[in-house]
Amino acid sequence: MAKTVSILNQKGGVGKTTTAVNLSAAIGAKGKKLLLVDIDPQGNSTSGYGINKREIKKSSYELLTGEITAEEAIIKTEFEGIDLIPANMNLAGAELEIIDMKNRESILKKALAQVWENYDYIFLDCPPSLGLITLNALTASDTFLVPIQCEYYALEGLSQLMSTARKIKQMYNPYLELEGVLLTMYDGRLNLTQQVVAEVKRFFPKKVYSTAIPRNVRLSEAPSFGQPIMYFDKNSKGSVAYSSLCDEFLAQQK
C-alpha cells in the first residue's frame, strides 16, 4: 500500500511545488511507482510535468467534488515511474462546494484509497493555505514534509502549521507524523542562512534533512520547459541536490 506524503507550507514561495515535482521525479527514476496529486489551484506541479492546464478535462477538482474516481483523473506522464492527478484554476472553488458535504475532511482519503495498492508513494502538492483542501490532504496522509526557505521570515507561521497538524492528528488522523523539514534557497556564504539553519534545527530537532536545496537558475528554468530538473539539466546543482534528497528520503523509509 502506498505511503502518502503531503508537501506543504502555508507560506508561498518556499519551494513547495519545486520539491513536489523534483523529489517525485527522482524517486520515480529509482524504480518506485509514484502518484503526484496536484491540489494547489495554481496547478504548478501540473505544468512542471509538461501538462497543459487549459486542456485538462478531469482534475483534482472533479475528484474532490465526487464527479470522477481517482483512476479516471490519473494521467500517465512521460517521466519514469510518475503518474499525475492534475489541477487547474477550477480547484479554487472546490472548498465552497465541499464545505457542506458529509465527512468533508475525508473526501480525498476515500478517493485515493481506490488506488493505494497501485503505488509505492502518493505525494500531495498542497495549496499555500490551511483551508479545507489542506485539511483533506493531512487527513489522507501518513506524513507531511515541510520546505522552509533560508530567509528571515522562515519560521513565521510554522507554529500555526504545526498546531493545525496536531489538531488534525487528534481529531481525524491519529497516525499523522512529520516526515521531515527541507531547507530551500540555501546559500552557505550568508550569515543569515547559517542563523536560519540553526533556528530551524532548534525548532525541529532531528527532523531537518541534511540535504539543503541551493538557489539555482536551472532549477528555476526547468518548469517553463515542463520538465523536472533531473531531465532538464542532470548535472546542475539543483538536480544533484534533489537526487541527494531522494536518497536521504528513501533511506529513512521503514
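All values reported here derive from a predicted model rather than from experimental measurement.

S.K.: Please provide a residue-by-residue account of the sheet that holds strand 8 (residues 208-214), values included.
M.R.: On the basis of which strands lie adjacent, the open sheet formed by eight strands has the order 3-4-2-5-1-6-7-8 and mixed pairing. A strand with exactly one partner marks an edge of an open sheet, and here the two such strands are strand 3 (75-76) and strand 8. Of the strand pairs in this sheet, strand 2 (residues 34-38) and strand 5 (residues 121-125) are connected by five bridges, and their pairing is parallel. Within strand 5, the residue paired with Val 37 across the bridge is Leu 124. Across the sheet, helix 8 (residues 158-171) is in contact with strand 6 (143-149) and strand 7 (177-186); its angle to strand 6 comes to roughly 175°.

S.K.: Give me the lowdown on the pairing of strand 5, citing residues and values where you can.
M.R.: Across the five residues that make up strand 5, a large majority, five, are buried. Burial of strand 5 is two-sided: the residues Tyr 121, Phe 123 and Asp 125 facing one way and the residues Ile 122 and Leu 124 facing the other way are all buried. Note that strand 1 (residues 3-7) and strand 5 share five bridges and pair parallel. For Ile 7, the partnering residue across the bridge sits in strand 5 and is Asp 125.

Definitions and limits used
Residues numbered from 1 in each chain as written. Predicted model: local features only at pLDDT ≥ 70, side-chain atom pairs only at ≥ 80, totals over all residues. Heavy atoms only, no water. Pairing = 2+ DSSP bridges. Helix = DSSP H or I, 4+ residues; strand = E, 2+ residues; numbered from the N terminus. Contact = heavy atoms within 4.5 Å. Axes fitted to C-alpha atoms, helices over the stretch in contact; angles between N-to-C directions. Buried < 20%, exposed > 50% of the residue type's maximum accessible area, 1.4 Å probe, protein only.

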